[in-house]
Amino acid sequence: MRSKVVFRRLLRNNQARYGFVALVLLVGLAYVGPYFGAYEWTEKDFMSFLSPPGGDHWWGTTSIGQDMYAVTLRGMQKSIIIGLLVALISTGLAAIVGAFAGYFGGWVDRVLMWGVDLLLVLPSFLVIAIISPRLREGTWLWFVALLAAFSWMITSRVVRSMTLSLREREYVLAAVYMGIPRWKIIFRHIVPNLSSLLIIDATLNVSGAIIGEAALSFFGFGIQPPDVSLGTLIAAGSGNATGYPWLFAFPAGLLVALVLSVNLIGDGLRDALDPGSNT
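This structure is a prediction, so every number in the text was calculated from the model and none was measured.

Enquirer: Sorry, what's going on with helix H7 (residues 153–166) here?
Expert: Think of an α-helix as turning once every 3.6 residues; residues three or four places apart then point the same way. Taking 1.5 Å of rise per residue, the 14 residues of H7 would be expected to cover 20 Å, and the 20 Å separating its terminal C-alpha atoms lies within 8% of that figure. Here H7 has its buried residues at Met153, Thr155, Ser156, Val159, Thr163 and Leu166. Summarising the axial view, the buried residues of H7 lie within an arc of 140 degrees, below the 170-degree limit, and thus occupy one face. In this fold, the buried residues of H7 make contact with helix H3 (68–104), helix H4 (106–121), helix H6 (141–149), helix H8 (170–177), helix H9 (182–190) and helix H10 (195–218).

Structure representation (structure tokens):
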């Protein structure tokens, strides 16, 4: 079975192993770690403002007395959720648009690729920065939708190119002769045969979404108070990074570790799924 071969190759890949272990530890820290802390992320200790890390507050406190350990883990939770949701939506959208454009061709291909080209030339950071302030009163899921809307176009072009080849395969032609609806052929035969590309793309999109969220939140266009993410915490701590380094070091360090671990897994998956790889 190909899945077993891929799994064995993945286990032999050092990058993938290190990345997976690191990611499991980080996710465990984000979701299990708060239960070991003495404070909730919404609590304020009015006797400890900008206190350095110590026995009571392991990672120090903020300027308003919040426990930095609890707040940072809350921020990491939100960044992880955003990264996963954006990756799933953008990869799914890329698979659907690219597969439909490549399989149907003609005016369907022209219309869909015209839309892709239009989105590619738009300055995504600027568009999100303009739109997101108008959605501040709504749910943060709008922000996820905005990030996902500008994260799928290049992958959809790759999917389209691969679909042009797959639609001429014998099993696809046989399905056509059997009268199976075209949309079923796409989801039963085309998209599953693109799973290697889509898995790698989804994995790398997680880290891209986390970085994108952090960048936008840093400039005030992402997650809005009272909620927090790693980007908002980095923004809040950057002004006092020298005088109160714990405000900046912990969220920034976790962001780097999170993105690095996901990228290592993505590189390992790419090597494991590549038939020409020797790993």
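Enquirer: Any chance you could explain the pattern of salt bridges here in plain terms?
Expert: Side-chain pairing between opposite charges can occur once the charged atoms of the two side chains come close. Following the criterion strictly, the structure yields five salt bridges and no others. Residues Arg74 and Asp227 are paired through a salt bridge, measuring 3.3 Å at the closest nitrogen-oxygen approach. Taken together, the residues span a long stretch of sequence, with Arg74 in helix H3 and Asp227 in the loop between H10 and helix H11 (230–238) at a distance of 153 residues. On the accessibility criterion, Asp227 (15% relative accessible area) is buried. Salt-bridge contacts for Arg157 lead to Asp117; the nearest nitrogen and oxygen are separated by 2.3 Å. Separated by 40 residues along the polypeptide, Arg157 in helix H7 and Asp117 in helix H4 bring together distant segments of the chain. The exposure class of Arg157 is partly exposed, given its relative accessible area of 31%. Each of Arg74, Lys78 and Asp227 takes part in salt bridges that share partners, so that together they form one network.

Enquirer: Would you take a moment to explain the UniProt feature "transmembrane region" (unreviewed entry) in the protein for this structure?
Expert: Mapped onto the present numbering, the UniProt feature "transmembrane region" (unreviewed entry) falls on residues 20–39, 80–104, 111–133, 139–159, 197–223 and 243–265. End C-alpha to end C-alpha, residues 20–39 measures 29 Å, and it is 65% helix and 0% strand. In the segment residues 139–159, helix accounts for 76% and strand for 0%; the C-alpha atoms at its two ends are 32 Å apart.

Enquirer: I tried to follow the environment of Ile131 on my own but got confused; where do I start?
Expert: The topology assignment puts Ile131 in helix H5 (residues 124–131). C-alpha separation for the pair Ile131 and Leu146, spaced 15 residues apart in sequence, amounts to 8.5 Å.

Enquirer: Which parts of the structure should I look at to understand empty space enclosed by the protein?
Expert: Remark: the empty space left among the atoms is shown by a probe the size of a water molecule rolled over them. Enumeration over the complete set of coordinates arrives at one cavity of 30 Å³ or more. A volume near 40 Å³ is recorded for the largest cavity. In this structure, the largest cavity is lined by Gly37, Ala38, Tyr39, Asp56, His57, Trp58, Asp67 and Tyr69. Grouping the constituent residues of the lining of the largest cavity by class yields four nonpolar, two polar and two charged.

What counts as what
Residues numbered from 1 in each chain as written. Predicted model: local features only at pLDDT ≥ 70, side-chain atom pairs only at ≥ 80, totals over all residues. Heavy atoms only, no water. Helix = DSSP H or I, 4+ residues; strand = E, 2+ residues; numbered from the N terminus. Expected span 1.5 Å × (residues − 1). Buried < 20%, exposed > 50% of the residue type's maximum accessible area, 1.4 Å probe, protein only. Arc of directions from axis to C-beta. Contact = heavy atoms within 4.5 Å. Salt bridge = Lys/Arg side-chain N within 4 Å of Asp/Glu carboxyl O. UniProt positions renumbered as here; feature names shortened; annotations may be inferred. 1 Å grid on protein atoms, 1.4 Å probe; cavity = no way out; pocket = protein on both sides within 12 Å on 5 of 7 lines; lining within 4 Å. Points joined across faces, edges and corners; volume = space filled by probe spheres on them. Nonpolar A, V, L, I, M, F, W, Y, C, P; charged D, E, K, R; others polar.

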